[in-house]
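# Close look at the chain arrangement
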Amino acid sequence: MSGKPGAFLDRDGVLIEDCGYPHRAEDLKLIPGVAAAVRRMNQGGYRTVIVTNQSGVARGLFSEDRMHAFNALLVAKLAEEGAIIDAVYACPFHADAVEARYRHPDHPDRKPNPGMLMRAIAEHDLDPARSFIIGDQPTDIEAGRRAGVKGFLFAGGDLDRFVREDIGL
């Protein structure tokens with residue numbers, strides 16, 4: 001497959017602090033170095049794509065509209081700092097959903113399944129062999145593996161340093 005390189009980014013714990021189902025403006029706290037890391041990826045020619053499991057919707061903690069608004073707020077905040085997110089894919093499905101429309105025993109988009117990555121690869125003409133995913137959970141890395149994308153496990157700290165030193169951008 002020919003295409004552009006993609007940088008797949010988990011949201012909670014990689015781009016923003018994971019405060020437990022973040023969905024309100026006051027929950028939006030960027031991880032140190034996030035804007036610089038995304039700018040580094042942009043300058044390196046990578047399409048940047050957020051891929052995030054959002055079971056808070058399925059659990060009835062907030063609406064799908066609220067999830068989309070929060071994601072848009074994150075994208076806008078990064079853009080203010082010159083860091084461009086090209087696309088956001090979010091999976092609101094979970095096996096234990098309180099609302100039937102979000103209940104699925106093993107949704108293809110829910111990481112570790114690769115559905116969100118595969119859709120992004122197809123919709124944005126990305127080359128999996130030249131792409132990577134940064135996640136804070138083994139499920140993120142497994143989703144990357146299943147999509148043919150190299151995975152990097154982020155344990156916290158400064159994301160720009162991690163991208164520069166561990167990924168080599």
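Since the model is a prediction, treat every value here as computed from it, not as a measurement. (Residues numbered from 1 in each chain as written. Predicted model: local features only at pLDDT ≥ 70, side-chain atom pairs only at ≥ 80, totals over all residues. Heavy atoms only, no water.)

## Describing the state of the cysteines
- The final tally for this structure, using the stated rule, is zero disulfides.
- Looking at Cys19, it has no disulfide partner, and the nearest cysteine sulfur is the one in Cys91, 19 Å off. (Disulfide = S-S within 2.5 Å.)

## What to know about helix H6 (residues 159-167)
- For H6, the complete set of buried residues consists of Leu159, Asp160, Phe162, Val163 and Ile167. The arc that holds the buried residues of H6, viewed along the axis, is 160°, so those residues lie on one side.
- For H6, the secondary structure elements touched by its buried residues are helix H1 (34-43), strand E4 (132-135) and strand E5 (150-153).
- Of the residues that open H6, the one with a side-chain oxygen 2.9 Å from the backbone nitrogen of Asp160 is Asp158. (Buried < 20%, exposed > 50% of the residue type's maximum accessible area, 1.4 Å probe, protein only. Helix = DSSP H or I, 4+ residues; strand = E, 2+ residues; numbered from the N terminus. Arc of directions from axis to C-beta. Contact = heavy atoms within 4.5 Å. Polar contact = N/O pair within 3.5 Å; in protein donor to acceptor, adjacent residues only side chain to side chain.)

## With respect to the pairing of strand E1 (residues 6-9)
- By the alternation rule, side chains of E1 split into Gly6 and Phe8 and Ala7 and Leu9, which are all buried.
- Note that E1 and strand E2 (residues 47-53) share four bridges and pair parallel. Each bridged residue has a counterpart across the sheet, and for Phe8 the counterpart in E2 is Val49.
- With H1 bridging E1 and the parallel E2, this β-α-β connection has right-handed handedness.
- In this structure, E1 lies alongside E4, joined through three bridges in parallel fashion. Bridge pairing links Ala7 to Phe132 in E4. (Pairing = 2+ DSSP bridges. Right-handed = clockwise from strand over helix to strand, strands pointing away.)

## Some remarks on unusual backbone geometry
- In the segment running from Lys111 into Pro112, the intervening peptide bond is cis, with an omega of 25°.
- Tracing the sequence through the fold places Pro112 in the loop between strand E3 (87-91) and helix H4 (115-123).
- In the Ramachandran plot, Tyr21 falls in the positive-phi region, its phi being about 60° despite a non-glycine side chain.
- Phi at Asp125 takes a positive value of approximately 50°, unusual for a residue other than glycine.
- Relative to the assigned elements, Asp125 resides in the loop between H4 and E4.
- Classification of Asp125 by relative accessible area gives partly exposed; the value is 40%.

## Details of the packing of H1 against H6
- Relative orientation of the contacting elements H1 and H6 amounts to 40°, with a least axis distance of 6 Å. Here Val34, Ala36, Ala37, Arg40 and Met41 of H1 come into contact with H6, specifically with Leu159, Asp160, Val163 and Arg164.
- Taken together, the residues that form the contact of H1 with H6 break down as six nonpolar, no polar and three charged. (Axes fitted to C-alpha atoms, helices over the stretch in contact; angles between N-to-C directions. Nonpolar A, V, L, I, M, F, W, Y, C, P; charged D, E, K, R; others polar.)

## Comments concerning the nonpolar core
- In terms of nonpolar packing, the biggest core is built from 27 residues, with Leu15, Met41, Phe132, Ile134 and Leu159 touching the most fellow members.
- Those elements that place two or more of their residues in this core are E1, H1, helix H3 (64-80), E4 and H6.
- At five residues, H1 tops the list of elements feeding residues into this core.
- With residues near it in sequence (within four places) discarded, Met41 still touches Ala7, Leu9, Tyr46, Thr48, Phe132, Ile134, Val163 and Leu169. (Core = buried A, V, L, I, M, F, W, Y, C linked by side-chain atoms within 4.5 Å.)

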